[in-house]
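# Results of the structural survey
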Amino acid sequence: MHLQFVTGNEGKVREAREYFDGIAEIEQVTYDYAEIQADSIEAIARRGAAEAYRERGGDEPVFVEDSGLSIDALGGFPGPYSAYVEDTLGIERVWSLAADEENRRARFRSVIASASGDPADPDVETFTGSVAGTIVAPRGDGGFGYDPIFAYNGTTMAEMEPAEKNAISHRGRALAAFAEWVAEDER
Ligand code: IMP
């Protein structure tokens, strides 16, 4: 089994390969699909997978992964706009927005969308994973993105070893569900 992972992020590819060891080969494809503007990362991932699958000719399944951070007290902000907000405001300013709030609960979500079948009307399956934590003042040098301000059981994701983070992360959980589905399909 061979799957194409459409992403520019090599870290995500390394992570996916760990979950697909012995199940499928993962090839990184850096096709830059247009991300639609939508209120849910699921809708963005579904459209991205279908578009990339059509673009790649539709002979091998294609998947994409989209993730985001939602802060409860800020109505779910930045959610589907997480990458844009990281680039424009930066995580220090996201922390300062949350710092004024009593409730600092937040959640990372990851959606994997996999496309296969007829390229004119692809079958798209989605797999989700999430992890709840709290927003804290930045700590730690590991990880990427919002990791320094997201704490799980008192430790920020930037303070964790990669394996420790993968074991509890939103993307790890979505990848595990996706790998299980592929493995079942292979049987
Ligand atoms: P994308 O899905 O790679 O576009 O990521 C969306 C946004 O969420 C970016 O700002 C990422 O930095 C952030 N993000 C996604 N996954 C993680 C994570 O595991 N830790 C920290 N930030 C993340």
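Just above sits the structure.
Every chain is numbered on its own, with residues counted from 1 as its sequence reads. Per-residue local features of the predicted model are confined to residues with pLDDT of at least 70, and side-chain atom pairs are confined, for both listing and counting, to 80 or more; whole-chain, interface and lining totals are unaffected and use all residues. With hydrogens and water stripped out, all remaining heavy atoms of the structure feed into the side-chain values.

A 1.4 Å probe that fits but cannot get out identifies a cavity on a 1 Å grid over protein atoms alone, an open set with protein on both sides within 12 Å along at least five of seven lines counts as a pocket, and a residue lines either if it has an atom within 4 Å of a point. Grid points are joined across faces, edges and corners, and a volume is the space filled by probe spheres set on the points. Empty space within the largest pocket amounts to approximately 640 Å³. Taken together, 31 residues make up the lining of the largest pocket; nearest its centre are Lys12, Asp66, Ser67, Ser82 and Ala83. Each helix corresponds to a stretch of at least 4 residues labelled H or I by DSSP, and each strand to a stretch of at least 2 residues labelled E; elements are numbered beginning at the N terminus. Elements with a minimum of two residues in the lining of the largest pocket: strand S3 (62-71), helix H3 (82-88) and helix H6 (170-186). Each residue is assigned to one of three groups, with Ala, Val, Leu, Ile, Met, Phe, Trp, Tyr, Cys and Pro labelled nonpolar, Asp, Glu, Lys and Arg labelled charged, and all others, Gly among them, labelled polar. Residues of the lining of the largest pocket, tallied by class, amount to 12 nonpolar, 10 polar and nine charged. Estimated volume of the second largest pocket: approximately 350 Å³. Taken together, 17 residues make up the lining of the second largest pocket; nearest its centre are Gly11, Glu15, Phe144, Pro162 and Asn166. For the lining of the second largest pocket, the secondary-structure elements that each account for two or more residues are helix H1 (10-19) and helix H5 (162-168). The greatest single-element share of the lining of the second largest pocket, amounting to five residues, is contributed by H1. Within the lining of the second largest pocket, the residues separate by chemical class into five nonpolar, five polar and seven charged.

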